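# An overview of the molecular structure
Listed here are the chains, written in short residue letters.
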Amino acid sequence: MPETGNNHNIRESTLSIQADLNGFSFCVFDKNRNCCVLKQYTYTTADYNDLDNEVHKLFRQEELLRLAYKKCYCLFISNKSTLIPTHLFDVQHLRTYLDFVSPLDELDEIHFRQLPIPEAINVFAIPSPIAAIVHTYQPNSQFLHQSTPLIHLLHEMQLQDGVMLHLSSNISSVALYVEGRLALSNTFKVYDFADTFYYLSSIFQQWHLSPNNTPIFLSGKLSEAGIMLLEKYYPKVTQLSSKPITLAFGQSAGKDYHLLQQLPVCE
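As a starting point, this report considers the structure included with it. (Residues numbered from 1 in each chain as written. Predicted model: local features only at pLDDT ≥ 70, side-chain atom pairs only at ≥ 80, totals over all residues. Heavy atoms only, no water.)

## Things to note about the side chain of S219
- Summarising the element assignment, S219 is placed in strand β12 (residues 216-220).
- We classify S219 as buried; its relative accessible area is 3%.
- Among residues more than four places away in sequence, those in contact with S219 are L150, L165, H166, L167, L240, K255, H258 and L259. (Helix = DSSP H or I, 4+ residues; strand = E, 2+ residues; numbered from the N terminus. Buried < 20%, exposed > 50% of the residue type's maximum accessible area, 1.4 Å probe, protein only. Contact = heavy atoms within 4.5 Å.)

## Details of the pattern of salt bridges
- Throughout the structure, instances matching the rule amount to 4 salt bridges.
- One salt bridge connects K39 with E62, and the closest N-O pair in it is separated by 3.2 Å. In this pair, K39 sits in strand β3 (residues 35-42) while E62 sits in the loop between α1 (51-61) and β4 (71-76), placing the two residues 23 residues apart along the sequence.
- By relative accessible area, K39 is classed as buried at 16%.
- By relative accessible area, which is 7% here, E62 ends up buried. (Salt bridge = Lys/Arg side-chain N within 4 Å of Asp/Glu carboxyl O.)

## Let's talk about the sheet that holds β12
- Overall, mixed pairing links the 5 strands, which are arranged β11-β10-β9-β12-β13 in an open sheet. In the strand order of this sheet, the two ends are held by β11 (181-189) and β13 (237-239), each with one partner. Put simply, the sheet's adjacent strands are angled 15° from each other on average, direction ignored.
- Note: β12 against β13, 3 bridges, orientation parallel. For F217, the partnering residue across the bridge sits in β13 and is T238.
- Contacting β9 (162-167), β12 and β13, helix α6 (residues 224-233) crosses the sheet at an angle of about 150° to β13. (Pairing = 2+ DSSP bridges. Axes fitted to C-alpha atoms, helices over the stretch in contact; angles between N-to-C directions.)

## Thoughts on the sheet that holds β3
- One open sheet accounts for 5 strands, arranged β3-β2-β1-β4-β8; its pairing is mixed. Each end of this open sheet is capped by a strand with a single partner; those strands are β3 and β8 (141-144). Averaged over all pairs of adjacent strands, the angle between their axes in this sheet comes to 15°, without regard to strand direction.
- Sheet topology note: the strand β1 (residues 14-19)/β4 ladder contains 6 bridges and is parallel. When the sheet's bridge partners are listed, T14 is paired in β4 with K71.
- The sheet strands contacting helix α3 (residues 128-137) are β1, β4 and β8, and the helix crosses β8 at an angle near 155°.

## Remarks on empty space enclosed by the protein
- If you walk through the whole model with that rule in mind, you get 2 cavities of 30 Å³ or more.
- Lining the largest cavity, in full, are L218, S219, G220, L222, Q239, L240 and K255.
- With 3 residues, β12 is the single largest residue contributor to the lining of the largest cavity.
- Classifying every residue of the lining of the largest cavity by side-chain character gives 3 nonpolar, 3 polar and 1 charged.
- Its boundaries defined by the atoms lining it, the second largest cavity holds a volume of some 30 Å³.
- Residue lining of the second largest cavity: S81, T82, L83, S147, S185, N186 and T187, and that is the complete set. (1 Å grid on protein atoms, 1.4 Å probe; cavity = no way out; pocket = protein on both sides within 12 Å on 5 of 7 lines; lining within 4 Å. Points joined across faces, edges and corners; volume = space filled by probe spheres on them. Nonpolar A, V, L, I, M, F, W, Y, C, P; charged D, E, K, R; others polar.)

## With respect to the side chain of S78
- Along the chain, S78 falls in the loop between β4 and β5 (81-85).
- Accessibility expressed as a relative area gives 7% for S78, which makes it buried.
- A distance of 3.1 Å separates the side chain of S78 from the backbone nitrogen of K80, its partner in a polar contact.
- Apart from residues no more than four positions distant in its own chain, S78 is found in contact with A125, H145, Q146, I171 and T187. (Polar contact = N/O pair within 3.5 Å; in protein donor to acceptor, adjacent residues only side chain to side chain.)

## Re the packing of α1 against α3
- Put simply, α1 and α3 touch, their axes get as near as 9 Å, and they point 25° apart. Taken together, the axes of α1 and α3 are roughly parallel relative to one another. In the crossing of α1 with α3, the sense of the turn from one axis to the other is right-handed. Here L51, D52, V55, H56, F59 and R60 of α1 come into contact with α3, specifically with P129, I130, I133, V134 and Y137. (Parallel < 35°, antiparallel > 145°, perpendicular 65-115°, else oblique. Left-handed = near helix turned anticlockwise from the far one by under 90°.)

Honestly, that's just the spatial picture; any functional story needs more than this.
Printed below as a string of structure tokens:
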């Protein structure tokens, strides 16, 4: 995707990165939070052990990734994430926490982040090749999992009941507020949108939520057929879109990369 221009001051700008095991995208926001640059890359191989070569090559060829920014945020999308109650959290047990969720690779690097609510801490894994390379070029980087901005969004809305749903190529992330409090946060692999739809249905049944009265907020990559299916059974569906990205690169990009604009508010 092309840049909108090079007249912004990089040292006053923010770099927001979104990566997973399939590809790497980034946005540059100026000091007024306008989106100046949005670029997307797909890896040439899906081999986990080749991630360092893929990301090194990307940073070598993309000058914008090597510049010095005021802030850098790196969002890594995966299903290797869990929430730990704050009063039970022990930094010595990070790997144990995640072992209950998903098998970890020996190259996984574990991070944790306090959520906007005092009750929980988000523990998540990032492939160390990606984390190391990003940190080498952007030493002030802050790493996040997609659960964090989703919970931030729900928390800021101050809803009694509400669902935040983010979709990537093969991972769904759900955050749920019930009676004004966080009731659930989960990330899981999917093979078809039907997997996400059935999971959402089970959430509504388990927490006795009204489909007609409970808002669902969508972000990420979702087909028109998937949106129509949701709207058929859940009338209060809202598609979230980053206004700065939409203005610069269109509605589709605004939805796909909505979370990149939210990362600075997660500090």
